[in-house]
Structures are given as structure tokens and as C-alpha cells.
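Close look at the chain arrangement
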Amino acid sequence: MCMGLPMQVAESGAGYALCNYQGGVRRIDTMLVGDQPPGTWLLVFIDAAREVIDAQEAQKITDALSALDAVMAGGPADIDHLFADIIENSAANRKEPT
């Protein structure tokens, strides 16, 4: 399984970007999304950017990955806050129009 990781462009060049991820910097291929300016968020799969995303989407993905890490590490099952966007949009929480 391949998971996309949200990374923010720190510096860019022709066909690549240096992106911040978990306190480090990684060189990312940007051939599929084009050259992107610093500050842009990218969804990255195997060191290649596949999509330009906004900061809100990057945070949602980061939260979901944090929840997955917590569960896999045997952490507490109280992870609902990391899926707030899904929970608030679930069928059980939707109000029918009146």
C-alpha cells in the first residue's frame, strides 16, 4: 500500500522541490505537478508529488496519519479529534433539512 504524505515546499528548482517533512528536508520530483513556489503544499507518494493541496487538506491528512501511528503503536483509542472532519460530516451527525 502506498500512502500520500503532505509536504510543504521550502525551495524549488526545475522539476524538483525541497520539501519539509517531519523535521527534515526531502527532495521531491515535481514533474507531474509542475514547479511550485515555496509554501505550497504537495501530496507526495514515493518522493514524487502527485497533487497540489491546500493547508487545510494537508492538516486533515496529517491528523489521519497521526491517528494511524497512535493506533499502530498501541496508544489510546481516543482519536476521534483527529478525524473531526469525517465525524462532523457522517450520516449520524447530519441534520435533515426542515
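Here goes a summary of the coordinates provided. (Residues numbered from 1 in each chain as written. Predicted model: local features only at pLDDT ≥ 70, side-chain atom pairs only at ≥ 80, totals over all residues. Heavy atoms only, no water.)

**Digging into a nonpolar patch on the surface**
- Together, M3, L68 and M72 make up an exposed nonpolar region whose accessible area comes to about 290 Å².
- Note on placement: M72 falls in helix α1 (residues 55-72).
- We classify M72 as exposed; its relative accessible area is 66%. (Patch = residues over 30% accessible without salt bridge, like charges linked within 9 Å, V, L, I, M, F, W, Y side chains within 5 Å. Areas by Shrake-Rupley, 256 points an atom, 1.4 Å probe, with all protein chains shown as cover. Salt bridge = Lys/Arg side-chain N within 4 Å of Asp/Glu carboxyl O. Helix = DSSP H or I, 4+ residues; strand = E, 2+ residues; numbered from the N terminus. Buried < 20%, exposed > 50% of the residue type's maximum accessible area, 1.4 Å probe, protein only.)

**So, the pairing of strand β1 (residues 5-13)**
- Pairing geometry for β1 and strand β4 (residues 41-45), over 4 bridges, is antiparallel. Bridging across to β4, M7 finds its partner in L42.
- When β1 meets strand β2 (residues 16-21), the two strands line up antiparallel, connected through 5 bridges. When the sheet's bridge partners are listed, E11 is paired in β2 with L18.
- Counted between consecutive antiparallel strands, the loop separating β1 from β2 contains 2 residues, among which G15 sits at a positive phi close to 85°. (Pairing = 2+ DSSP bridges.)

**Some remarks on the packing of aromatic side chains**
- This model, assessed by the stated rule, comprises 0 aromatic pairs.
- For the cation-ring pair, R27 lies above Y16, with the distance from its terminal atom to the ring centre recorded as 3.8 Å. (Phe/Tyr/Trp six-rings, centres within 6.5 Å; stacked < 30°, edge-to-face > 60°. Lys NZ or Arg CZ within 6 Å of the ring centre and 35° of its normal.)

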